[in-house]
Each structure stands twice: as structure tokens, then as C-alpha cells.
Amino acid sequence: MNNVVYIISGPTASGKSLIAYYLAKRIDGEIVNCDSIQLYKYMDIGSAKPSEKAMSEVKHHLYSIEDPSQNMTVAEYRKLAIGTINEILSRGKTPIVCGGTGLYLNAILYDMDFGAVPDDEERRQELEHLAEERGSFYMHEYLQGLDPEAAARIHPNNTRKIIRAIEAYEYGKGIKNLSDCPLNPDYDFRFFALTMEREWLYDRINRRASRLISEGLVDEVSGLLEMGYSPDLPSMKGIGYKEIIGFLRGEYDLFDAKELIMRNTRHYAKRQYTWLKRYDFVKWIEITKGETVGGVVDRILNS
RNA sequence: GCUCAGAUAGCUCAGUAGGUAGAGCAGGGGACUGAAAAUCCCCGUGUCCCUGGUUCGAUUCCGGGUCUGAGCA
């Protein structure tokens, strides 16, 4: 049975969605979202979801499937993504995973085992309060006593990861090392990452921020707030959302909000590069100015 | 035109009681197993505006100049 799975990744604003869409048309593929924010409903403009036209011409999976009040997790995403990929393959089509969320990419690429660590909101809040009272260093010491190996891998200032490791320990699983996983043997991956000159990418990022605002990002965000979604929700912490919330609260003007979005998006793109560079088997597709989408797709198919 | 204030990293500024300088932001690099667009770590040499003077030594003190801002005319 054919088990080819294309992956189109790359930093934000590098043109993943468009390339994936053209690739899908060329090889009769279907797109599987691998972007943590595009999974959410009502967050269309800020997360730069694919166009209506693209969505109507090519099957797009895992877009707008979760309510913003819900908390998506890697474990959950893995189940959904693997299920979708298998379903597409069973119909004889080719899945094209598209997105730049590194951890979610890992969940597909590697045979990751997420133990049964149930959600325990109460315990998490307890630990968060403890961290606030006693400080991050104290929490790290505490983890040191429970799981020295995990403590050695986590920086004492990284409260969030320390708490997660404590939770995992308490459910008897401990936290695993990301680089210890074997590649997922079920698929024949064709893994590509788009890239371009840094200056050009930043220019695209800046211009996209302006475009999102002129396309109605402010209305989208105030709509979400009116629907009752709290600014504290993980979904509302996405780039574009948190900055517009600050503007709506009167913390700064729209110009500054836009500048913040640009800056935070640039930082994010940098982190994405760091993540992607760890994969020694990824094929980088360097896009040059003036190159056609068709040309890029050709290069992907020929490599 | 006069008076005053300023001129230091890409930007905003601190500082050196005279021994060639450091923060924030920007920028660069990195980590990552259930929040990941999250969270966290590392990276600071630049004619200290120019030019004379004093001094062993001036970015720092003094004189002159240039530019910028405010006030007065």
C-alpha cells in the first residue's frame, strides 16, 4: 500500500499554505493542518488560514475543528492527525501535512508515546500557586527530588516545563526526552521546509501584519471577546490575538499593536528555524524572488 | 541672532569623582514529549559629534566649531 506523506513546513509567512495547495492540485492530494492556531474555530484572519477558494478546491483537514475555549494538546493532535492521514491513504489519496508547529510535526514524524496522563486542572493550579509563592527555583529543586533526569534537562527558570514534569512524574510516567524517539515507521515521508532570505521573510511578515489588520483582525478579536472567550485561554495567546487584546484594553494604540505583532512574528519565525534545523533529514527549499509557485512545486516533486 | 540643554551600540538612554564604557529594545544563536504562535537559555568594541588646549593619559575638564531640541527675540 502506498504510504507517501508529504510535509510542507517552514517559518511563518514563507508561503506554506499556497505551496501545499498547488502541490495538492498537482498530485491529487489532501491537506492536513499542522498549525496549532489554525485548529481553532473563529480564528481565521489572525492565524492566516488558507483562502476560501483553496479550501473549496482541495480538501483541507483539521482546520477550525476546536472551540477556542478548549485546550488542544499534542497527544490529542497526534490522534487526530494520524487518524486523518490513515483515512486519506485508505482512499488512495496523498496526505500533505502543512504547518509550522514543531512539536506537532514531531508527533507525526516520530513514534511518540504519550502515556495516559489525564488532565488535572486542579493539581496544575495548585502547582502554579506554589510556583508563584516559592519561586521557580524552589520548584526545580522539588523536581530534582522526584525526577533528577528531567530536572537536569529543564532550566530552573522554566516554570512551565518544571510543572509539566512534576505532573508527569505524579502520574507515574515521567517526562521523556524528545530526541529519544524513533522515526514513525508507518509512512514514507517527503519532508520539506520552505525558506528564503531572512530580510525578505521579515518584509513578508511585516506586510502580512498590516494586511491582517486591514482585513479586519480587530473585529475578529473583539468578536471573540464578545463571544466570551477569555484572554487567558491558550488560543487567545496566539500572535495577533494577544496584541490586539492589549490595544482593545487601551494599553497602546493600533500602530503599536501592529509593531508588536510584527516583532513577535519575527521572533516566532526564528524559533521555527531553530526547531526545523534539528531535523537532519528535512529537505530545504530555498525560494527566490520572482520564482513561480509552479516552479517551487516542480522542485519539490523532483527532489 | 541670543540663551540654555543635548550629541555615547541599529534605536532610546545610563555612565566614567580623568585610566577608552553598559542597560532596555531591535538583531543573532540555542533548548524543547500533553499550554508549543507557548515557555525558557545564551550573545554587547562602539571614530563615546569634530577640533585645539590642560594632562603621563580626555569620551569625561576648558576653548572653538558643527548639528539637534527648547526658550527668547
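Notes on the structure in this doc start here.

Calculation rules
- Residues numbered from 1 in each chain as written.
- Chains lettered and ligands numbered in written order.
- Predicted model: local features only at pLDDT ≥ 70, side-chain atom pairs only at ≥ 80, totals over all residues.
- Heavy atoms only, no water.
- Axes fitted to C-alpha atoms, helices over the stretch in contact; angles between N-to-C directions.
- Helix = DSSP H or I, 4+ residues; strand = E, 2+ residues; numbered from the N terminus.
- Parallel < 35°, antiparallel > 145°, perpendicular 65-115°, else oblique.
- Left-handed = near helix turned anticlockwise from the far one by under 90°.
- Contact = heavy atoms within 4.5 Å.
- Nonpolar A, V, L, I, M, F, W, Y, C, P; charged D, E, K, R; others polar.
- Phe/Tyr/Trp six-rings, centres within 6.5 Å; stacked < 30°, edge-to-face > 60°.
- Buried < 20%, exposed > 50% of the residue type's maximum accessible area, 1.4 Å probe, protein only.
- Lys NZ or Arg CZ within 6 Å of the ring centre and 35° of its normal.
- Pairing = 2+ DSSP bridges.
- Salt bridge = Lys/Arg side-chain N within 4 Å of Asp/Glu carboxyl O.
- Patch = residues over 30% accessible without salt bridge, like charges linked within 9 Å, V, L, I, M, F, W, Y side chains within 5 Å.
- Areas by Shrake-Rupley, 256 points an atom, 1.4 Å probe, with all protein chains shown as cover.
- Lys, Arg positive; Asp, Glu negative; His and termini not counted.
- Charge placed at Lys NZ, Arg CZ, Asp CG, Glu CD.
- Expected span 1.5 Å × (residues − 1).
- Core = buried A, V, L, I, M, F, W, Y, C linked by side-chain atoms within 4.5 Å.

This part is about the packing of helix α1 (residues 16–27) against helix α13 (residues 293–302). Two elements in contact, α1 and α13, have axes separated by 9 Å at closest approach and are oriented at 65°. Taken as axis vectors, α1 and α13 run roughly perpendicular relative to one another. Every pair of crossing elements has a handedness; the one defined by α1 and α13 is right-handed. Contacts between α1 and α13 involve Leu18, Ile19, Tyr22, Leu23, Arg26 and Ile27 from the former and Val293, Gly294, Val296, Val297, Asp298, Ile300 and Leu301 from the latter. By residue class, the composition of the contact of α1 with α13 is 10 nonpolar, 1 polar and 2 charged.

Here the structure, examined in full by the defined rule, presents 9 aromatic pairs. Look at tyrosine 273 and tryptophan 284: their rings are 6.0 Å apart centre to centre, the planes differ by 25°, and that puts the pair in the stacked class. With a gap of 11 residues between them, tyrosine 273 in helix α12 (residues 254–277) and tryptophan 284 in strand β6 (residues 283–286) connect regions that are remote in the sequence. For tryptophan 284, a relative accessible area of 35% corresponds to the partly exposed category. Among the aromatic residues, those joined into a cluster by ring pairs are Phe191, Tyr279 and Phe281. One cation-aromatic arrangement involves arginine 204 over tryptophan 200; the distance from NZ or CZ to the ring centre is 5.8 Å.

With that out of the way, let us pick up the pairing of strand β1 (residues 4–9). Within β1, 6 of the 6 residues are buried, which leaves it mostly tucked inside the rest of the structure. Residues of β1 alternate between two faces, with Val4, Tyr6 and Ile8 on one and Val5, Ile7 and Ser9 on the opposite face, all of them buried. Bridging between β1 and strand β5 (residues 188–195) involves 6 bridges; their strand directions are parallel. Bridging from a neighbouring strand, isoleucine 7 pairs with phenylalanine 191 of β5. Alignment of β1 against strand β4 (residues 94–98), held across 3 bridges, turns out to be parallel. Paired with tyrosine 6 across the strands is isoleucine 96, a residue of β4.

Let us now look at the sheet that holds β4. Strand order in the open sheet made by the 6 strands is β3-β2-β4-β1-β5-β6, with parallel pairing throughout. Strands with a single pairing partner mark the edges of an open sheet, and in this sheet they are β3 (60–61) and β6. Contacts from helix α4 (residues 102–109) reach β1, β4 and β5 within the one sheet, and its direction differs from that of β5 by about 160°. Lying on the sheet, α13 is in contact with β1, β5 and β6; it crosses β6 at an angle near 160°.

Once that is clear, we can look at unusual backbone geometry. Not every positive phi belongs to a glycine, and aspartate 28 is a case in point at roughly 55°. On the basis of relative accessible area, aspartate 28 is assigned to the partly exposed category, the value being 46%.

Further remarks concern the pattern of salt bridges. Taken as a whole and judged by the stated rule, the model has 17 salt bridges. Measuring nitrogen to oxygen at the nearest pair gives 2.7 Å for the salt bridge that ties arginine 91 to glutamate 87. The partner of glutamate 167 in a salt bridge is arginine 164, with the nearest N and O atoms 3.4 Å apart. Taken together, the positions of glutamate 167 and arginine 164, both in helix α8 (residues 159–170) and 3 residues apart, correspond to about one turn of that helix. Via salt bridges that share partners, Lys25, Lys53 and Glu57 belong to a single interconnected network.

On to a negative patch on the surface. On the surface, a cluster of negative charge is made up of Asp120, Glu121, Glu122, Glu128, Glu132 and Glu133. Here glutamate 132 is to be found in helix α5 (residues 121–134). Residue class for glutamate 132 comes out exposed when judged on its relative accessible area of 69%.

Between its terminal C-alpha atoms α1 stretches 16 Å, which fits the 16 Å expected from 12 residues at 1.5 Å a residue. Among the residues of α1, those classed as buried are Lys16, Ile19, Ala20, Tyr21, Leu23 and Ala24. The secondary structure elements touched by the buried residues of α1 are β1, β2 (29–33), α2 (52–57), β4, β5 and α13.

Before going further, it helps to spend a moment on the nonpolar core. Ranked by size, the top nonpolar core spans 49 residues in total, and within it Tyr77, Val97 and Leu217 carry the most contacts. Put simply, the parts of the chain that give this core at least two residues each are β1, α3 (74–90), α4, β5, α9 (198–214), α10 (217–226), α11 (241–248) and α12. With 7 residues, α3 is the largest single contributor of residues to this core. By size, the runner-up hydrophobic cluster in this structure holds 29 residues, among which are Phe192, Ile285, Val296 and Val297.

A word on α8. Across its 12 residues, α8 extends 16 Å between first and last C-alpha, which sits within 8% of the 16 Å expected from 1.5 Å per residue. Inspection of α8 places Ile162, Ile163, Ala165, Ile166, Glu167 and Ala168 among the buried residues, and these make up the whole buried set. Summarising the contacts, the buried residues of α8 are in contact with α5, α6 (136–146) and α7 (148–153). Directly after α8, the chain includes glycine 172, whose backbone phi takes a positive value near 80°.

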